[in-house]
Amino acid sequence: MLIAIPLLLIPVILYNIVVLFGAPGDMGMAQADAILRDPMFSIPMASGAQWNIGSGDLILFLGLILLFFELIKSTSSQKVAIVNHALSMVLFIVVLVEFLLIRGFATSTFFLIVVMILLDVLAGFIVTIISSRKDFDLGN
């Protein structure tokens, strides 16, 4: 049953931890954005420039990897896939409400997480509809 849990819940939880517990007091959008962009480490590039990587970048990177696995999971024809689609839709509604109503969540990083979850929801339903149509066509 753990396969039914959307993997994109992980970046959402990490974002919540970083934004809600990253700084004391009432967090505004500017403070949340600063925490996400604050470099955790940097990588020297061949051009001589420094590539600064913040916690928001790492959360987005993890989210993209997990989106890939969610898209692979959406091709499954198991009954648990429908539960996964429903939970992904619930997760999308929750993150959309967070993005619109909670002050520290109106950042570009969180918006991209919301878009990734929306793509997961859309891909899951589209793949399910296409595969069921093929099954229906084979029956005739």
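Residues numbered from 1 in each chain as written. Predicted model: local features only at pLDDT ≥ 70, side-chain atom pairs only at ≥ 80, totals over all residues. Heavy atoms only, no water.

Within the protein, the regular secondary structure consists of 5 helices and 2 strands. In sequence order, the secondary structure elements of the protein are arranged as α-α-β-β-α-α-α. Residues counted as buried form 34% of the 140 residues belonging to the protein. The long-range fraction of contacts in the protein, counting pairs at least 24 apart against all pairs at least 6 apart in sequence, stands at 64%. (Helix = DSSP H or I, 4+ residues; strand = E, 2+ residues; numbered from the N terminus. Buried < 20%, exposed > 50% of the residue type's maximum accessible area, 1.4 Å probe, protein only. Contact = heavy atoms within 4.5 Å.)

The next subject is the UniProt feature "transmembrane region" (unreviewed entry) in the protein. The UniProt record marks residues 48-69, 81-102 and 108-130 with the feature "transmembrane region" (unreviewed entry), using the residue numbering of this structure. Its end C-alpha atoms 31 Å apart, residues 81-102 is made of 95% helix and 0% strand. End C-alpha to end C-alpha, residues 108-130 measures 32 Å, and it is 100% helix and 0% strand. (UniProt positions renumbered as here; feature names shortened; annotations may be inferred.)

Here we take up the environment of Leu-2. Mapped onto the secondary structure, Leu-2 falls in the segment before α1 (9-21). For Leu-2, a relative accessible area of 70% translates into the label exposed. On a C-alpha basis, the gap between Leu-2 and Val-80 in space is 9.5 Å, while along the polypeptide they are 78 residues apart.

Taken as a whole, this structure holds 1 salt bridge when the rule is applied. Notably, a salt bridge pairs Lys-73 with Glu-70, separated by 3.1 Å at the nearest N-O pair. Here the residue Lys-73 and the residue Glu-70 both occupy positions in helix α3 (residues 55-74), the gap between them amounting to 3 residues, near one helical turn. (Salt bridge = Lys/Arg side-chain N within 4 Å of Asp/Glu carboxyl O.)

What follows concerns the nonpolar core. The nonpolar side chains of soluble globular proteins are, as a tendency, buried together. By size, the foremost hydrophobic cluster in this structure holds 21 residues, and its most contacted members are Tyr-15, Val-95, Phe-110, Ile-113 and Ile-117. Among the secondary structure elements, those contributing two or more residues to this core are α1, α2 (29-37), α3, α4 (80-101) and α5 (108-139). It is α5 that provides the largest number of residues to this core, a total of 6 residues. Setting aside anything within four residues of it in sequence, one finds Phe-110 in contact with Tyr-15, Val-95, Glu-98, Phe-99 and Phe-105. (Core = buried A, V, L, I, M, F, W, Y, C linked by side-chain atoms within 4.5 Å.)

With that settled, the discussion passes to the packing of aromatic side chains. Within the structure shown, the criterion is met by 5 aromatic pairs. On the basis of an interplanar angle of 70 degrees and a centroid distance of 5.4 Å, the ring pair of Phe-68 and Phe-69 is categorised as edge-to-face. With centroids separated by 5.0 Å and ring planes inclined at 80 degrees, the aromatic side chains of Phe-105 and Phe-110 adopt a geometry described as edge-to-face. A single burial state applies to Phe-105 and to Phe-110, both of which are buried. (Phe/Tyr/Trp six-rings, centres within 6.5 Å; stacked < 30°, edge-to-face > 60°.)

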